[in-house]
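What the coordinates show
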Amino acid sequence: MCGIVAYVGPKDAAPILLEGLARLEYRGYDSAGLVISNKGLKMRKVKGRVADLAAVVPARFKGTLGIGHTRWATHGAPSDANAHPHLSTDERVAVVHNGVIENADELRAKLEADGAVFVSETDTEVLAHLIARTVEESDSLEEAVRTALKRVVGTYGIAVIDARRPGEVVVARNGSPIVLGIGEKEMFAASDVAALVRYTRQVVHLEDGELAVLRADGFTTFGGDARETAKEPLTVDWEAGHYDTGGYEHYLLKEISEQPETVARTLRGRLDDRFHIAHLGGLNMDARESRSFRRVKIIGCGSAYYSGQIGAQLIEELARIPADAEPASEFRYRSPVVEPDTLYVAISQSGETYDTLAAVQELKRKGGRVLGIVNTVGSAIARECDGGVYLHAGPEVSVASTKAFTSTAVAFALLALHLGRVRDLSPADGRRICEGLRRLPRQIEEVLALEPQIKELADKYADAASMMFVGRVRGYPVAREGAQKLKEISYVHAEAYPASELKHGPLALIGPETPTVAIVPDDELLDKNLTTLGEIRARGGRVLMVGHRTADPKLADDCVVVPRNEIELDPILLTIPLQLLAYHAAVALGRDVDKPRNLAKSVTVE
Ligand code: F6R
């Protein structure tokens, strides 16, 4: 949420900051700005996209140190004035900030009483004035920042520069990510490695409470107690090319189309054909420990939560351990009972979602054993967990999650196989699942080949005012994800219900104006699902069925037929047509597919 970039080194900072901001734009995109230090601070900021900012940055905007920001508004509407950076009244200190300062109003009142003149409605401007109050008498910028942060309640990732100390940038983290990038006689910092990979693969993640000083020749990190901390750089394997559209019209279509490869990468080296087990070294658990859990509780937000529902079903079916999924955003607030014999699993593509991170921290405080299913190596949630499974799906740039969803479901299949094979899952069933998983990448290619048909269907259904998505048991999380994808990128209202629940209320909504997308795999619930379709058709509802066979035209207007896998793994293949349906509906409606309104990738605020 929001993007931060900072640079200090021998090169011109402005092009580097603009390039970094463009890479981060998927995190927030309602306004953008930058400050360069060169005999004073020079600032440009605008309401709008990074391209709008680039258009107002003059060619002669020279200087080798600067900070930049792309915003997703929390305090104050998107406007030039509310865009970051924010300056102190004397224009000596500039700050960019991600997060929320909870006591901003109180601090603002005190600072105003003390003569500070505020020019924006943001909470961030408080930081600029606070730091300016102490910078004069402080021995260093980091001391001034540290002193100011002591008065702040809330979350932040910040980058700060002082016009009178033109060789350094200070960054600090508390709840909002900050990553340092180590170059050749140059240093970078950003809220996300996406902004750094073009320049360096050597990164250092700051922990909450840490602060760092960057100079062209290196960096120093400090803990909350102001003592220096030793940090080992990490090498990231994501490349700049991952952040290009690769010839596709949108990142979303590129990411949907990558799924044969991303699923293969999630599986790579993890299936054992001799014993029909999964090798998941990152779990940090031996067989005895893996057997000891009596429940599995899965947490995640949004699409990650829905993939967790697929995971819960897989674990119950394959490992016969009671499992359920819950939104992390709810879990963290309801004082959950944390049991020693429960295995907790947190899911996050970004590894930075604040609600999920806070839930993991709450679990850890209460002694819970937490695994992470995470895409971003070294991210906050990955670091916080006791072990886990990395997805290796590569960066997801489009705001709507697609390839991380399928890779998460695959990671759960591996986890369920592991937990099942140390319990009662037979070698024959283990083999069946291993073989099913190996078939997935090729079958995903077959589903992707249905794109022309799905595009036609999207054109046909995109004018609906509202759509219903239904499925039963394994199909229900698929329906939820389908509805989520449609509403977030096409803005068509969509509801997901268990098909079994329709007649308990929502059937009242069904009519010709509300088409239903029905997930109908060829499993033990087929007949029940077909009965539901009959009930919908009897009320004049249009039906688009996604499943394994074509239905009687009396039951469905349209059918998308996907290849069969094992019934436990079918949800993975059934999800992909719904991604394509949402994508083409959004395109047909002229939406901003990769940057849907009001949303941002990585929700790092509460
Ligand atoms: C939906 C979507 C969101 C995320 C959610 C969690 O397409 O992308 O619902 O799934 O914000 O994000 P991560 O997985 O980064 O924790």
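Residues numbered from 1 in each chain as written. Predicted model: local features only at pLDDT ≥ 70, side-chain atom pairs only at ≥ 80, totals over all residues. Heavy atoms only, no water.

Named according to an unreviewed UniProt entry, the protein chain is Glutamine--fructose-6-phosphate aminotransferase [isomerizing] originating from Streptosporangium pseudovulgare. Entered under Catalytic activity (unreviewed entry) in the UniProt record, the comment concerning the protein chain runs "D-fructose 6-phosphate + L-glutamine = D-glucosamine 6-phosphate + L-glutamate". A UniProt comment under Subunit (unreviewed entry) is attached to the protein chain, and it reads "Homodimer." (UniProt positions renumbered as here; feature names shortened; annotations may be inferred.)

**Some remarks on the sheet that holds strand 18 (residues 295–300)**
Ordered by their spatial adjacency, 5 strands build an open sheet running 19-18-20-21-22, and the pairing between neighbours is parallel. Edge positions in the open sheet fall to strand 19 (323–327) and strand 22 (387–390), since each of these has one partner strand only. Adjacent strand axes in the sheet meet at a mean angle of 20°, parallel and antiparallel pairs treated alike. By the bridge criterion, 5 bridges tie strand 18 to strand 19 in an arrangement that is parallel. Counted as the bridge partner of Ile298 is Ala325 from strand 19. Against the sheet, helix 9 (residues 303–319) engages strand 18, strand 19 and strand 20 (342–348), with an angle of about 170° to strand 19. Seen against the sheet, helix 13 (residues 403–421) touches strand 18, strand 20, strand 21 (369–374) and strand 22 and runs at an angle of roughly 160° to strand 20. (Pairing = 2+ DSSP bridges. Helix = DSSP H or I, 4+ residues; strand = E, 2+ residues; numbered from the N terminus. Axes fitted to C-alpha atoms, helices over the stretch in contact; angles between N-to-C directions. Contact = heavy atoms within 4.5 Å.)

**Focus: the domain arrangement of the protein chain**
You'll often see interface size given as the accessible area lost when the parts meet. Considered domain by domain, the protein chain is made up of domain 1 (3–242), domain 2 (244–445) and domain 3 (450–592). Using only C-alpha atoms to locate each centre, domain 1 and domain 3 end up separated by 45 Å. (Domains from an automatic or database assignment.)

**A closer look at the UniProt feature "active site" (unreviewed entry) in the protein chain**
This chain's UniProt record puts "active site" (unreviewed entry) on Cys2 and Lys601. These annotated residues cover 600 residues of sequence, but their C-alpha atoms sit close together, with the largest distance between any two at 8.7 Å. By the secondary structure assignment, Cys2 is in the segment before strand 1 (3–8). According to the relative accessible area criterion, Cys2 is buried, its value standing at 7%. (Buried < 20%, exposed > 50% of the residue type's maximum accessible area, 1.4 Å probe, protein only.)

**A closer look at the side chain of His418**
With respect to the element layout, His418 can be found in helix 13. Residue classification places His418 among the buried positions, given a relative accessible area of 14%. Only 2.9 Å separates the side chain of His418 from the side chain of Ser290, close enough to count as a polar contact. (Polar contact = N/O pair within 3.5 Å; in protein donor to acceptor, adjacent residues only side chain to side chain.)

**Some thoughts on the nonpolar core**
A general tendency of soluble globular proteins is for nonpolar side chains to be buried together. Residues Ile315, Leu437 and Phe469 are the most contacted members of the largest nonpolar core, which totals 90 residues. For this core, the element with the highest residue contribution is helix 13, accounting for 12 residues. Residue contributions to this core reach at least three from each of two domains, namely domain 2 (244–445) and domain 3 (450–592). In contact with Ile315, not counting residues within four places along its chain, are Val296, Ile298, Arg320, Ile321, Ala323, Phe412, Leu415, Ala416 and Leu419. In terms of nonpolar packing, the next biggest core, distinct from the first, is built from 32 residues, Leu17, Leu53, Ala190 and Ala194 among them. (Core = buried A, V, L, I, M, F, W, Y, C linked by side-chain atoms within 4.5 Å.)

**Focus on the pairing of strand 3 (residues 41–47)**
Bridge count for strand 2 (residues 31–37) against strand 3 is 7 bridges, and the pairing is antiparallel. Looking at the pairing, Ile36 lines up with Lys42 of strand 3. What sits between strand 2 and strand 3 in their antiparallel hairpin is a turn of 3 residues, with Lys39 showing a positive phi close to 50°.

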